[in-house]
Amino acid sequence: MQMIKLAEGVTPTCLKPPYGVIDDRIRAIAHALGLRVILWQSDSNDWQVGTAPTVTPAIDANYQLLVTAAQNGTFNAVSISPSIEAA
């Protein structure tokens, strides 16, 4: 939290647990630190790409489904932040 405060000038108020792994111990720690736990409901599966900065057709299709749902007003969820940027 201190590193984010130093780098960005704001103190985090939310926690996205790595890989979405959370239990009561992590919830208690987050609560003690004043953090809200945020989990996702949608995954683009971009983590499957590996280390090469490419977008496979399946991942591109996943993103398109999310974009279409958002445009139609039917997507009302949290999505994992992409680890790569689509061109």
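Residues numbered from 1 in each chain as written. Predicted model: local features only at pLDDT ≥ 70, side-chain atom pairs only at ≥ 80, totals over all residues. Heavy atoms only, no water.

A. How the structure looks around the overall build of the protein. Of the regular secondary structure elements, the protein holds three helices and two strands. Reading the protein from its N terminus to its C terminus gives the helix and strand order α-β-α-β-α. A buried classification covers 17% of the 87 residues belonging to the protein. Long-range pairs, those at least 24 residues apart, make up 38% of the contacts in the protein with a sequence separation of at least 6. Surface accessibility of the protein: about 6,800 Å² in total, with carbon and sulfur atoms responsible for 58%. (Helix = DSSP H or I, 4+ residues; strand = E, 2+ residues; numbered from the N terminus. Buried < 20%, exposed > 50% of the residue type's maximum accessible area, 1.4 Å probe, protein only. Contact = heavy atoms within 4.5 Å. Areas by Shrake-Rupley, 256 points an atom, 1.4 Å probe, with all protein chains shown as cover.)

B. Geometry of the confidence of the model for the protein. Scored by pLDDT, the protein has a mean of 77; 68% of the residues are at 70 or more. Within the protein, helix 2 (residues 24-32) carries the highest mean pLDDT (94), whereas helix 3 (residues 57-72) carries the lowest (78). Note that residues 82-87 has pLDDT below 50 and, in this model, eight contacts with residues that lie over four places away or in other chains. (pLDDT = per-residue confidence, 0-100.)

C. Molecular detail of a nonpolar patch on the surface. Judged by side-chain polarity, M1, I29 and L33 come together as a nonpolar surface patch covering roughly 270 Å² of accessible area. Mapped onto the fold, I29 is located in helix 2. For I29, a relative accessible area of 41% translates into the label partly exposed. (Patch = residues over 30% accessible without salt bridge, like charges linked within 9 Å, V, L, I, M, F, W, Y side chains within 5 Å. Salt bridge = Lys/Arg side-chain N within 4 Å of Asp/Glu carboxyl O.)

D. Representation of the environment of T13 within the structure. Following the sequence through the fold, T13 ends up in the loop between helix 1 (2-8) and strand 1 (14-15). The class of T13 is exposed, set by a relative accessible area of 52%. For the pair T13 and M1, spaced 12 residues apart in sequence, the C-alpha separation works out to 9.0 Å. When sequence neighbours within four positions are dropped, the list of residues in contact with T13 reads G34, L35 and R36.

E. Geometry of helix 3. For helix 3, with 16 residues, the first-to-last C-alpha span of 22 Å sits near the 22 Å given by 1.5 Å per residue. Of the positions making up helix 3, those classed as buried are I59, Y63, L66 and A69. Looking straight down helix 3, one finds its buried side chains confined to an arc of 125°; they lie on one side. Away from the buried face of helix 3 by more than 90 degrees, exposed residues P57, A58, L65, Q71 and N72 are located. Of the residues one or two after helix 3, G73 is the one with positive phi, at around 80°. (Expected span 1.5 Å × (residues − 1). Arc of directions from axis to C-beta.)

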